Amino acid sequence: MKHRNQVFDNVLDLVGNTPLVKLNKIASKFKGNFFAKVESFNPGHSSKDRIALYIIEQAEKKGILSPGDTIIETTSGNTGFSIAMVSIIKGYDCVLAVSSKSSADKIDMLKTMGAKVYVCPAHVSADDPRSYYQVAKRLHEEIKGSVYINQYFNELNIDAHYKSTGPEIWNQTEGKITHLVACSGTGGTISGTAKYLKEQNPDIKVIGVDAFGSVIKKYHETREFDEKEIYPYRIEGLGKNLIPTATDFDMIDEFVKVTDEESAHMARAVAKSEGLFVGYTSGAAMQAIKQLGEEGRFKKDDNVVVIFPDHGSRYMSKVYSDKWMNDQGFFDSINEAAAQNIQY
Ligand code: PMP
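Note that the structure is predicted; figures quoted are calculated from it, not measured.

Rules of the game
Every residue gets a number counted from 1 within its own chain, in the order that chain's sequence is written. Totals for whole chains, interfaces and linings use every residue, but because this is a predicted model, local features are given only for residues with pLDDT of at least 70 and side-chain atom pairs only at 80 or more, for both listing and counting. For the side-chain quantities, the full set of heavy atoms in the structure was used; hydrogens and water were omitted. Note on aromatic pairs: the rings of Phe, Tyr and Trp (six-membered ring only in Trp) are paired at centre separations within 6.5 Å, and the planes decide the class, stacked below 30 degrees, edge-to-face beyond 60, tilted for the rest. By definition, any uninterrupted DSSP run of H or I lasting at least four residues is a helix, any uninterrupted run of E lasting at least two residues is a strand, and each is numbered from the N terminus. For two strands to be treated as a pair, DSSP must find at least two bridges joining them. Pairs of residues are marked as contacts when any of their non-hydrogen atoms sit within 4.5 Å. For helices, the fitted line uses only the C-alpha atoms of the stretch in contact; every axis is such a line through C-alpha atoms, and the angle between N-to-C directions lies from 0 to 180 degrees. Only protein chains enter the area calculation, which uses a 1.4 Å probe; residues under 20% of their type maximum are buried, those over 50% are exposed, and those in between are partly exposed.

Trainee: Where do I start with the packing of aromatic side chains in this structure?
Mentor: Given two aromatic rings, their pairing is described by the distance between the two centres and the angle made by the two planes. Enumeration over the complete set of coordinates arrives at nine aromatic pairs. With centroids separated by 4.7 Å and ring planes inclined at 50°, the aromatic side chains of Phe277 and Tyr320 adopt a geometry described as tilted. With Phe277 in the loop between α9 (260-274) and α10 (280-294) and Tyr320 in the loop between β10 (303-308) and α11 (322-327), the pair connects residues that are 43 residues apart, well separated along the chain. On the basis of an interplanar angle of 90° and a centroid distance of 6.2 Å, the ring pair of Tyr280 and Trp324 is categorised as edge-to-face.

Trainee: What is the right way to look at the sheet that holds strand β6 (residues 147-148) in this model?
Mentor: Pairing between the strands of a sheet comes from backbone hydrogen bonds, and it takes one of two forms, parallel or antiparallel. Taken in spatial order, the four strands of this open sheet run β5-β4-β3-β6, and their pairing is parallel. Unpaired on one side and paired on the other, β5 (116-120) and β6 mark the two borders of the sheet. Pairing of strand β4 (residues 93-99) with β5, which is carried by five bridges, proceeds in the parallel orientation. Counted as the bridge partner of Ala97 is Tyr118 from β5. Across the sheet, helix α2 (residues 78-90) is in contact with β3 (70-75) and β4; its angle to β3 comes to roughly 165°. Its contacts with the sheet place helix α4 (residues 132-142) against β3, β4, β5 and β6, and it is angled at close to 170° to β3.

Trainee: Which parts of the structure should I look at to understand the sheet that holds strand β1 (residues 20-22)?
Mentor: Read from one edge to the other, the open sheet built from six strands follows the order β1-β2-β10-β7-β8-β9, with strand pairing classed as mixed. The sheet terminates laterally at β1 and β9 (254-258), the two strands that pair on one side only. For this sheet, the mean angle separating the axes of adjacent strands, direction not counted, is 25°. Across the sheet, helix α7 (residues 188-200) lies against β7 (179-183), β8 (205-211) and β10, angled at about 165° from β7, the strand it touches most.

Trainee: Is there a simple way to think about helix α5 (residues 156-163) in this case?
Mentor: An α-helix turns once every 3.6 residues. As a result, residues three or four positions apart point the same way. Where α5 is concerned, the buried positions are Leu156, Asn157, Ile158, Ala160 and His161. Tucked into the core, α5 has its buried residues touching α1 (48-61), α6 (165-172) and α7.

The following block contains the structure:
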């Protein structure tokens, strides 16, 4: 366990070992104890630091990467930031193909961290040459000596969480965790964490959080890709229009779908009630707990761990902007925005 009162060689030594914080108010009307794994305590402010560092170090161990080489990735922002951070310390060039759905502040942050950023249209299919997948693939072919992280299809993504997030949660709860609730984007976080936890105790229930407009939940239930499930939604980093191989569906007991609107309000409620300034998907994960709690799914002695993947500061022009909320129709009027500023 690393201690905050020691001197570190560089920021990368601070990746992982994030705190587990008891949620005292937001879920108090439900039976059970609720704890958040607050991933914004990573130096890059998200869970993606874990996979960036792990995958890059695995490539170094295999002799694939040497200083000056280029690392390429498709990213909704967080993974890009983490790869850029690791690249700075280790001396790599970082090239990122990002979705136009990503917030402007995220893109500016990536540039600040020295990354070369290609912004690609969000609502085209994955095999369209303009999609961020195809752009990244093309760049990988063009840039000699480049490594493509490919987080949706890289099983090292699962390993990173199997080796870090899973053991941390097991130790922090002293083996008493009964439920894990986590968003599924690439699926790496939930699959790797769940794999470790279920090896310790197969009775632990693992609940994935998916967006309306994503195929993941339906695929989990039917093992069939249903195009009709796909339509645009606003939450970044959650759900997908394809089936990632970085998701081990056998590790997940069930999925819960959440709306853009309820997740946005819930992210705000987490900040106001717990003092934890979290990102949009943390609101989504908490919204899933609310839905499960309302169905009476938790018992008095349950210990429910929810993963909060990133920090709220990345969403100032979105979820935490009253104007944005109003523009989405999430407030009936700007006056209602003011009314939302209540104590929970
Ligand atoms: N929340 C945010 C903000 C993310 O960027 C991501 C990653 N796309 C996730 C949740 C989901 O994590 P994972 O990719 O490990 O499923």
